[in-house]
Structures are given as structure tokens and as C-alpha cells.
Amino acid sequence: MHEVSIALSIMDIIVKKCREESCNKIDSVRLKIGKAAGVMPDALLFAFDNIKTDTIAKDAEMIIDIIPLGGTCNSCKRDFDTEEAYVLECPKCGSADFVINKGNEMEIIDMEVS
Ligand SMILES: [Zn+2]
């Protein structure tokens with residue numbers, strides 16, 4: 001379950017950032033996860049809740065924004081977004097000639113500290 005290692009690296013990053021800013025408590029952290037990033041949000045939340053005890057983030061809430069998959073079609077030149085987890089063809093024209101440029105991201109957007 002690689003969500004545990006992701007949760008651990010997020011914890012490392014936010015704790016380090018919090019220390020740099022002389023904070024002693026993390027209240028929340030907001031992430032952006034693309035549908036195609038290969039991360040299961042529920043598993044990540046579960047992992048985070050389990051590792052946060054005994055850290056300065058023990059009361060922190062993790063908020064996850066899911067980014068849909070999107071791309072640009074080379075045939076009809078249109079951009080598209082989809083709720084599907086995989087794209088096999090352009091939803092507008094059915095062409096298989098497209099580029100996915102959204103939905104693979106995973107990043108920390110912001111965090112609240114006190
Ligand atoms: Zn198309």
C-alpha cells in the first residue's frame with residue numbers, strides 16, 4: 001500500500017515547513033490529487049490519520065481535492081475533461097490521438113498552522 005509512504009512524505013514536508021515557520025501545530029493540509037495519479041484518496045486519508053498521532057499534526061485534517069482527467073485532442077483540437085479514470089478516446093470526436101495533460105498531479109496546495 002504505497003499510500004502509507006506518500007502519507008509519510010507529506011508528513012515530512014509539512015512538519016519541516018511548520019518548523020521553518022516556527023509553528024508548533026498543524027491544523028490542516030490541503031492536497032490536490034489527479035484521478036490518474038494512482039493514489040487512492042481514502043487510503044491516503046486513512047494512512048495519514050494513522051501516522052499523525054504523536055506528531056505536531058495530530059489534530060490536522062487532510063483535505064483532498066480530486067482533479068479530473070483532462071487532455072487535448074490532436075484530431076479535433078479540442079480540450080476535454082472527463083469523470084472517467086481512464087481515457088481511451090477523445091470524448092468529443094472519438095479519436096485515439098490525444099494528449100492527457102491534467103489528472104496526474106499530486107501536490108500539497110496549502111496548510112494551516114498555529
Ligand atoms: Zn477529438
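Notes on the structure in this doc start here.

Parameters and conventions
Residues numbered from 1 in each chain as written. Predicted model: local features only at pLDDT ≥ 70, side-chain atom pairs only at ≥ 80, totals over all residues. Heavy atoms only, no water. Helix = DSSP H or I, 4+ residues; strand = E, 2+ residues; numbered from the N terminus. Contact = heavy atoms within 4.5 Å. Pairing = 2+ DSSP bridges. Axes fitted to C-alpha atoms, helices over the stretch in contact; angles between N-to-C directions. Salt bridge = Lys/Arg side-chain N within 4 Å of Asp/Glu carboxyl O. Buried < 20%, exposed > 50% of the residue type's maximum accessible area, 1.4 Å probe, protein only. Donors = N, O, S within 2.8 Å, 3.2 Å for Na, K, Ca; no water. Tetrahedral: all angles 85-135°; square planar, octahedral: opposite > 155°, others 65-115°. Arc of directions from axis to C-beta.

1. Overview of the side chain of threonine 82
Argument step 1. Here threonine 82 lies in strand β4 (residues 79-82).
Argument step 2. Ignoring anything within four residues of it in the chain, the contact list for threonine 82 reads Pro68, Leu69 and Val87.

2. Overview of the sheet that holds strand β6 (residues 106-113)
Argument step 1. Here we have three strands laid out as an open sheet, ordered β2-β1-β6, and mixed in their pairing. In the strand order of this sheet, the two ends are held by β2 (61-67) and β6, each with one partner. Neighbouring strand axes in the sheet, compared pairwise and without regard to direction, differ in orientation by 15 degrees on average.
Argument step 2. Where strand β1 (residues 26-34) meets β2, seven bridges bridge the pair, whose relative direction is parallel. Note that in β2 the partner of valine 29 across the bridge is methionine 62.
Argument step 3. Strands in contact with helix α2 (residues 41-51) are β1 and β2; relative to β2, the strand with the most contacts, it is inclined by about 165 degrees.

3. Describing the pattern of salt bridges
Argument step 1. For the structure on display, the rule yields eight salt bridges.
Argument step 2. Measuring nitrogen to oxygen at the nearest pair gives 3.6 Å for the salt bridge that ties lysine 35 to glutamate 83. Here the residue lysine 35 occupies a position in the loop between β1 and α2, and glutamate 83 occupies one in the loop between β4 and β5 (98-102), the gap between them amounting to 48 residues.
Argument step 3. The class for glutamate 83 is exposed, based on a relative accessible area of 61%.
Argument step 4. We note a salt bridge from lysine 102 to aspartate 81, for which the minimum N-O separation is 3.0 Å. Note that lysine 102 is positioned in strand β5 and aspartate 81 in strand β4, a separation of 21 residues in sequence.
Argument step 5. What makes lysine 102 partly exposed here is its relative accessible area of 28%.

4. Structural notes on the sheet that holds strand β3 (residues 69-73)
Argument step 1. In spatial order, the strands read β4-β3-β5; together these three strands make up an open sheet with antiparallel pairing. The open sheet has two edge strands, β4 and β5, and neither has a second partner. Here the average twist between neighbouring strands, direction ignored, is 30 degrees.

5. What about the coordination of the zinc ion?
Argument step 1. Looking at the metal site, the zinc ion is ligated by Cys73 (SG), Cys76 (SG), Cys90 (SG) and Cys93 (SG), spaced 2.3 Å from it.
Argument step 2. Classification of the site at the zinc ion as tetrahedral follows from its four donor atoms and the range of 104 to 114 degrees in their angles at the metal.
Argument step 3. Site description for the zinc ion: donor spacing in sequence, C-x2-C-x13-C-x2-C. One end of the pair, cysteine 73, is in strand β3; the other, cysteine 90, is in the loop between β4 and β5, and 17 residues separate them in sequence. One exposure class covers both cysteine 73 and cysteine 90, and it is buried.

6. A look at α2
Argument step 1. Taken as a whole, α2 has its buried residues at Ala43, Leu44, Ala47 and Phe48. Along α2, the residues classed as buried sweep out an arc of 135 degrees about the axis, all on the same side. Facing away from the buried side of α2 by over 90 degrees, the exposed positions are Asp42 and Phe46.
Argument step 2. On its buried face, α2 sits against α1 (3-20), β1 and β2.

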